[in-house]
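Observations on the model geometry
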Amino acid sequence: MINLFESTFSISIVIFLLALVVFGYMGVPLWVWSLYVATILWVFQAPIWGWIIFGVVALVFNIPQLRQLIITTPIVKTLKALKLLPKISDTEREAIEAGNVWVDGEFFSGKPNFKRLLNEPYPLIPKNSVRISDSRRALRIPSAPATIEGRSELKNIRSFLDNQVEKVCQMATDWEIHSRQDLPPEVWDYLRQERFFGMMIPTEYGGLGFSNLAYSSIMMKLASRSFTHTATVGVTNSLGPAKLLLRYGTEAQKDYYLPRLATGEEIPCFALTEPNAGSDAGSIISNGVVFKGDDGKLYLRLNWKKRYITLATIATLMGLAFRLRDPDNLLGKGEDVGITCALIPTSTPGVIINRRHDPMGVPFYNSPTEGHDVVISIDQIIGGTEQAGQGWKMLMQSLAAGRGISFPATCTGIAKLVTRVTGAYSRVRRQFGLNIGRFEGIEEPLARIGGLTYLMEAARLYTVGAVDRGEQPAVISAIAKYNFTELSRKIINDGMDILGGAGICRGSRNLLANIYSATPIPITVEGANILTRTMIIFGQGVIRSHPYVYREIEALNKSDIKAFDRVFWHHLGSIVRNFFRTLLLSLTRGYLALSPVSGATAKYYRKLAWSTASFAFLTDVVLLTYGGSLKRQEKLTGRFADILSWMYLATATLRRFEAEGRNPEDLPLVHWSIQYAFAQIQQGFEGIFSNISLPLSKVIATWWRLNPIGKMPSDQLGSKVAQIVQNLGTQRERLTADMHIPTNTEEALGRLENAFALSVQAESILQKIKTASKEGKLPSEKPRNLIRNALEAKIINLDEVELLTQAETARNDSIQVDAFTLEEYSKKTTRKVIKQTA
């Protein structure tokens, strides 16, 4: 009987432990936990006093009024006293409230809804109709707008890309633009004529009325030709007067300015950055004062000193951010009205725009500007007097989406260019008797270039699809801006390493030097990358995107016990659930999670479930540990930002694979990209555990190293990606789709592409000669030395000899670099100095 009792007791213990784990993993509500405890008391025949204690505790926890009075109120007092939740300033609140939470909320939840992630729009611009695979139809995964309007939009984008954008790319090479230190006049005229400056302005105001997808695709193609194109076109369509007018302007302002901006009659700029207000743009000191004129009307007297303002030197209309004061309270908003945005014709007396910067030698207009006692009508405030003091909110809301469009498109265009250039160059450049692409030292950077380009295009379209649907994903936009600019820097560095001397000698033949020089520019603007990584992505994301934290902070600030109680206990349940999910998914390496798809990518969804649970749980741990001081732990928040970023990039890559029909040919690119992403996630977790001040953190760090969530792609996989980049075929074309590829073989890329195509054709002929040599039909020498012998032996024919000759001539021509006479070089340098001085 004793053995039977012990056996029953042991079984009961096991059952209850299993139930504990299952309930914890599922995240069951509080009343289920109460039943769980009651069942334990009943099975083990708890004494009456045990039931009494349990009954009291259960009532207190499950009846909101009692819980709020007895438990929640003391918790609120403690949190306020210890300052465990971060304090939010007014400018931080406006930044946090700008935009909305999108899929970033799924990552902070710890239990992502993969069905939702896979059903988010992923717009495609097919050149021809694409058959939807049965697997995608079964999943009901949309790839592009299904409406008539959506199909019409795609048709319009394709037409504009293939005609107007292609033509403007053909009008001037990047070297010509750099040599002139400006776009040629005919390019400026064509940009105006075809409404490039009004792409986002609705057709009723004379613009093109394009979507963000169209704008992003156009910017990407322009970037593959010249960075100067995107710098010039970008500011007129992104953060600038037109965008602010569309969202906040009065009808009179829209009717007057938007048609002029659409046609390029007005060239806009937007002045925000100051010598002492860069990343901390909220600290601007440029000021405006409201006063009443002799005519009884209200005016503003403005003074400012700005810098780094794109297009300022040639602008006719300046958007200005400044602090507005109203000493006589003429607007009825108090003396300190706050940051305000206004429109200023640059012909207004006191406006100074007669100087320019030289950003890395890239010839786009970027300038300082000053204003001294500039007087404008109060009606020039964007949105009128009602929007006075709302400038910071305007800017943050505009950046919430815009930051994720312009530079990601530019950087993807650059990545595609580098992919195209390095793949071809690795095939035509020979050393030690071999194409350099056959060396593993070249394959390694080629794999990074190809894999990251695939990933960037995936994230570009995934983000654009959300913005076009009406989302304003501030955190995701910050992720996109930071990571795209950093990844393009990595890709360009790899490209320069592969090209070697051909990459550093400037001239009309050089394809990468100018974009290499331009790389620090997108790194710096629209939120410097260091700040974006350490303070915005996670620093603001943990408040904005977390399912509970912001609501808890608001409830605490308002001393709203009822609201705090409702959020706090759900938050606590989420922590418990994510603890068990982290534990079990780590022990099973994610296999306990369900995948929404089958096949080769199923394992990555399980790893995403594992990483999101670990990320969410660890986020709550550091919030409890550091409280309000977490924002100052920037090395820590930077690592959290890395994890969050790469979870998003991996998700976008998986979404692309599904949207494009699960093409088996793309699997090497998919595997490489996702494995690289998880390796970065792993590095982030290791960095956190190695540096966080928590009990057992060193032990956990060791466990993460022994049980990694990811590791770098294998050399074999990298070789497959490198071969895709180096081979003629549909994969290379799709990987670099919609970039500008010159057909003129007198241009650098056209010349290289021609040599590449001929060299690939010639290789099969050389292989015939090599085979004949091995069979003893020809002497044992290098195939290129046996062409005449092979012709005489009728192993190859005259047409093949001609092709080999053409290929060798083209190959040799394509690897040449520019050189200048001393006189030519002196004139080139002198012209640049004169242009800068002017």
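Residues numbered from 1 in each chain as written. Predicted model: local features only at pLDDT ≥ 70, side-chain atom pairs only at ≥ 80, totals over all residues. Heavy atoms only, no water.

Observations regarding the pairing of strand β4 (residues 317-325)
The line we're drawing: Per-residue accessibility, obtained with a 1.4 Å probe over protein chains only, is compared with the maximum for each type, and a residue is labelled buried under 20%, exposed over 50%, and partly exposed between these values. Every helix listed is a DSSP run of H or I at least four residues long, and every strand listed is a run of E at least two residues long, numbered separately from the N terminus. Two strands pair if DSSP finds at least two bridges between them.
In terms of burial, β4 is a largely internal element, seven of the nine residues being buried. Sheet topology note: the strand β1 (residues 268-271)/β4 ladder contains four bridges and is parallel. Pairing of Cys269 across the sheet is with Met318, part of β4. Sheet topology places strand β2 (residues 287-292) next to β4; three bridges connect them, and they run parallel. Considered in β4, the bridge of Asn287 is made with Arg323. Examined bridge by bridge, β4 and strand β5 (residues 336-345) share nine bridges and lie antiparallel to one another. Looking at β5, one finds that Leu320 is bridged to Ala342.

Overview of a nonpolar patch on the surface
Convention followed: Excluding any residue in a salt bridge, patches collect residues exceeding 30% relative accessible area, merging like charges within 9 Å and nonpolar Val, Leu, Ile, Met, Phe, Trp and Tyr side chains within 5 Å. Every accessible area reported is derived by Shrake-Rupley at a probe size of 1.4 Å, with residue values counting cover from the shown protein chains alone. Between Lys or Arg on one side and Asp or Glu on the other, a salt bridge is scored when a side-chain nitrogen of the former is within 4 Å of a carboxyl oxygen of the latter.
There is a patch of nonpolar side chains on the surface, built from Ile13, Leu17, Trp42, Val43, Phe44, Ile48, Trp49, Trp51, Ile52, Ile53, Val56 and Val57 and spanning about 1200 Å² of accessible area. Broken down by secondary-structure element, the contributors of at least two residues to the nonpolar patch are α1 (2-26), α2 (30-43) and α3 (48-62). Among the elements that take part in the nonpolar patch, α3 stands out by supplying seven residues, more than any other. Mapping Phe44 onto the fold places it in the loop between α2 and α3. Residue class for Phe44 comes out partly exposed when judged on its relative accessible area of 30%.

Considering the packing of helix α5 (residues 90-97) against helix α25 (residues 549-557)
Just so we agree on the cut-off: Interaxial angle, 0 to 180 degrees, is taken between N-to-C directions of lines fitted to C-alpha atoms, where a helix line uses only the stretch in contact. Handedness of each helix crossing follows the sense of rotation of the near helix against the far helix: counterclockwise by less than a right angle gives left-handed, clockwise gives right-handed. In what follows, residue pairs with any heavy atoms lying within 4.5 Å of each other are defined as contacts. Put simply, Ala, Val, Leu, Ile, Met, Phe, Trp, Tyr, Cys and Pro go in the nonpolar bin, Asp, Glu, Lys and Arg in the charged bin, and everything else, Gly too, in the polar bin.
Running from N to C, α5 and α25 point in directions that differ by 145°, and their axes come no closer than 13 Å. The handedness of the crossing between α5 and α25 comes out as left-handed. In this structure, α5 uses Arg93, Ile96 and Glu97 to contact α25, whose residues at the interface are Tyr550, Glu554 and Asn557. Residue composition of the contact of α5 with α25, grouped by class: two nonpolar, one polar and three charged.

Quick word on α25
With seven of its nine residues buried, α25 lies for the most part within the structure. For α25, the complete set of buried residues consists of Val549, Tyr550, Glu552, Ile553, Glu554, Ala555 and Leu556. On its buried face, α25 is in contact with α4 (64-82), α5, α24 (541-544), α26 (561-587) and α27 (602-626).

Regarding the pattern of salt bridges
In a structure, side chains of opposite charge can pair up when their charged atoms sit close to one another. In total, this model carries 34 salt bridges according to the counting rule given. Taken together, the shared-partner salt bridges connect Glu106, Arg116, Glu120, Arg469 and Glu471 into one network.

As for the packing of aromatic side chains
Quick note on the threshold: Only rings of Phe, Tyr and Trp enter the pairing, Trp through its six-membered ring, and a pair is recorded when the two centres are within 6.5 Å. The plane angle decides the type: under 30 degrees is stacked, over 60 is edge-to-face, the rest tilted. Two conditions define a charge located above a ring, namely a distance within 6 Å from the ring centre to NZ of Lys or CZ of Arg, and an angle within 35 degrees of the ring normal.
Within the structure shown, the criterion is met by 36 aromatic pairs. Judged by centre distance (6.1 Å) and plane angle (75°), the rings of Phe432 and Phe439 are edge-to-face. Phe432 sits in the exposed class, given a relative accessible area of 76%. Residue Phe439 is classed as partly exposed on the basis of its relative accessible area, which comes to 29%. Each member of the aromatic cluster is reached from another via a ring pair, and the members are Phe61, Phe564, Phe568 and Trp569. Sitting over the ring of Phe678, Lys607 keeps its end group 5.9 Å from the ring centre.

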